[in-house]
Every structure is written in structure tokens, then in C-alpha cells.
Amino acid sequence: MDISLPTVVVAVLGIPETIIGFLEYLLFLNMLITQSNAKEKKYQKSIRFIKSLSKEDKIDHTLEYLYNEFENWIFCGFYRKKENQLEISTYHSDNIPCSPINMNGVCGQSITNQDTIIVNDVNSFENHIVCDSNSRSEIAIPFTKDNTEYVLDIDSKELNDFDQIDKEYLQKILKEL
């Protein structure tokens, strides 16, 4: 019986294409875990910084710090509810935000439903209000401070840039303000 080395390799390890596909999958999973860990470390560092700020500087410096810490973000700011519209409050961006905006967009729906909204692709969100054509994904988190309703609005230039890690840590950050 003459068994060549390639026959033995296939018998032991499987078809080469299957092995390559499996290894690519493992690399992809490792990349996702690494990205999640890096994101969590950025948020943990951000929370330590925010806790060190004085009350007077907290809001503006928090937004500035977050905006600069996450390189894909193109807008990071607060809208406050005033009657049936949202008006811009404090923000960091290279562009001037839309203000006032109607309650039917991502931020308005977030406040109305009192729920965080993560939009993986803003072009697929009905009634998305386009303030920056470079925006690809968005997260909006409602909160109340001093009896005023606000929403933290963050836009990214990357699709699918926000996930449960962002939601969890941004909610923690809002509690620090």
C-alpha cells in the first residue's frame, strides 16, 4: 500500500479549502474579540478621566474626550427636548449640527420611547435626519438631568460601529454627569 503525504494530510486534517476557511473564521473571531477589548479599554479609560473632572467642566470635557478618543466618530453631542423639537446643546464635531430637529428621527424616537437606539446603517433608517452626509451609523441614548430630557447622539463614519458595549459604557458615562 503506497500512501503519499498529501493523502495522509487530507485524511488527518481534512480538505485544504475547509481548513483555510476554518482558520480564516478563527482569525475573524480573534479580530472581533481584540476590537471589543480595545473598545472596552477606551471606555474604561474615559470613565476614569470623567470621574477626575470637576462638576463645572464635566459635560464639555466628556464630549470632547470621547469625540477625540474614538477616531470613527464624527459627531458627539447632546440634544435637549424643547416642546415638540430637539435643540442642540453641547457638542463636538467638525460640522455644525442640525438644530432644531423634529422628533421623528433617531434622537426623537429615542427620547419618545425612552430607549437606546443603535442604527447600524443610517441610510436604512426611515426618517433619519441627515446633518452630515458622512454619517454611516448612529447611537442615541436618552436621559434626564435637572428635569430636562436629553439625548446623547453619536454619529460614526463607519457602518455597524456601535454595539452593546457602546450602549453599556455610554450609559455608565451618562450616570457620571
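A.B. asks: Please explain the sheet that holds strand β6 (residues 148-156) as it appears in this structure.
C.D. replies: Two modes of strand pairing occur in sheets, parallel and antiparallel, and in both the strands are linked by backbone hydrogen bonds. Strand order in the open sheet formed by six strands is β3-β2-β1-β6-β5-β4, with antiparallel pairing between adjacent strands. Edge positions in the open sheet fall to β3 (101-102) and β4 (117-119), since each of these has one partner strand only. The pairing of strand β2 (residues 85-93) with β3 spans two bridges and is antiparallel. Residue pairing across strands places Q85 opposite N102, the latter belonging to β3. Those strands touched by helix α4 (residues 106-113) are β1 (73-82), β2, β3, β4, β5 (137-145) and β6, and its axis lies near 40° from that of β5. Contacts between helix α5 (residues 164-176) and the sheet are confined to β1, β4, β5 and β6, with β5 contributing the most and set at about 25° to the helix.

A.B. asks: Explain the side chain of S137 to me, please; I cannot follow it from the model alone.
C.D. replies: Along the polypeptide, S137 turns up in strand β5. Engagement of the side chain of S137 in a polar contact is seen with the backbone oxygen of E158, the distance being 2.5 Å.

A.B. asks: What is the right way to look at the state of the cysteines in this model?
C.D. replies: Among covalent bonds in proteins, the disulfide is the one between the sulfur atoms of two cysteines. This structure, assessed with the given rule, holds one disulfide. Across the disulfide from C98 sits C131; the S-S distance is 2.2 Å. An S-S torsion of about -140° defines the bridge between C98 and C131 as left-handed. Taken as a pair, C98 in the loop between β2 and β3 and C131 in the loop between β4 and β5 lie far apart in primary sequence, 33 residues in all. Exposure remark for C98: the relative accessible area of 22% places this residue in the partly exposed category.

A.B. asks: Please clarify how the nonpolar core should be interpreted in this entry.
C.D. replies: The nonpolar side chains of a soluble globular protein tend to be buried with one another. Among the nonpolar cores identified, the biggest contains 22 residues, and Y43, L66, W73, C76, L152, I154 and L170 are the most heavily contacted of them. Among the elements of the structure, α2 (16-51), α3 (58-69), β1, β5, β6 and α5 are those that each provide at least two residues to this core. Here this core takes five residues from α5, the largest share from any one element. Sequence-distant contacts of L66, defined by excluding residues within four places in its chain, comprise Y43, S46, W73, C76, L170 and I173.

A.B. asks: Explain α5 to me, please; I cannot follow it from the model alone.
C.D. replies: What sets the pattern is the α-helix's 3.6 residues per turn: residues three or four places apart point alike. Look at α5: 19 Å from first C-alpha to last across 13 residues, which is about the 18 Å you get at 1.5 Å a residue. Every buried residue belonging to α5 is among I165, D166, Y169, L170, I173 and L174, and all of these are buried. Down the axis of α5, the sector holding all buried residues measures 155°, keeping them to one side. For α5, the exposed residues lying more than 90 degrees away from the buried face are Q164 and K175. Structurally, the start of α5 carries an N-cap: the backbone nitrogen of I165 is 2.9 Å from a side-chain oxygen of D163.

A.B. asks: Would you mind going over unusual backbone geometry with me for this structure?
C.D. replies: It is generally the case that most residues other than glycine have a negative phi and that most peptide bonds are trans. Going from S99 to P100, the amide bond is cis rather than trans, its omega being -5°. By the element assignment, P100 lies in the loop between β2 and β3. Phi is positive for E83, close to 60°, though the residue is something other than glycine. Considering the arrangement of structural elements, one finds E83 in the loop between β1 and β2. A positive phi angle, close to 60°, is found at N147, a residue other than glycine. Tracing the backbone through its elements, the reader meets N147 in the loop between β5 and β6. Using a relative accessible area of 80% as the deciding quantity, one classes N147 as exposed.

Cut-offs and rules
Residues numbered from 1 in each chain as written. Predicted model: local features only at pLDDT ≥ 70, side-chain atom pairs only at ≥ 80, totals over all residues. Heavy atoms only, no water. Pairing = 2+ DSSP bridges. Helix = DSSP H or I, 4+ residues; strand = E, 2+ residues; numbered from the N terminus. Contact = heavy atoms within 4.5 Å. Axes fitted to C-alpha atoms, helices over the stretch in contact; angles between N-to-C directions. Polar contact = N/O pair within 3.5 Å; in protein donor to acceptor, adjacent residues only side chain to side chain. Disulfide = S-S within 2.5 Å. Buried < 20%, exposed > 50% of the residue type's maximum accessible area, 1.4 Å probe, protein only. Core = buried A, V, L, I, M, F, W, Y, C linked by side-chain atoms within 4.5 Å. Expected span 1.5 Å × (residues − 1). Arc of directions from axis to C-beta.

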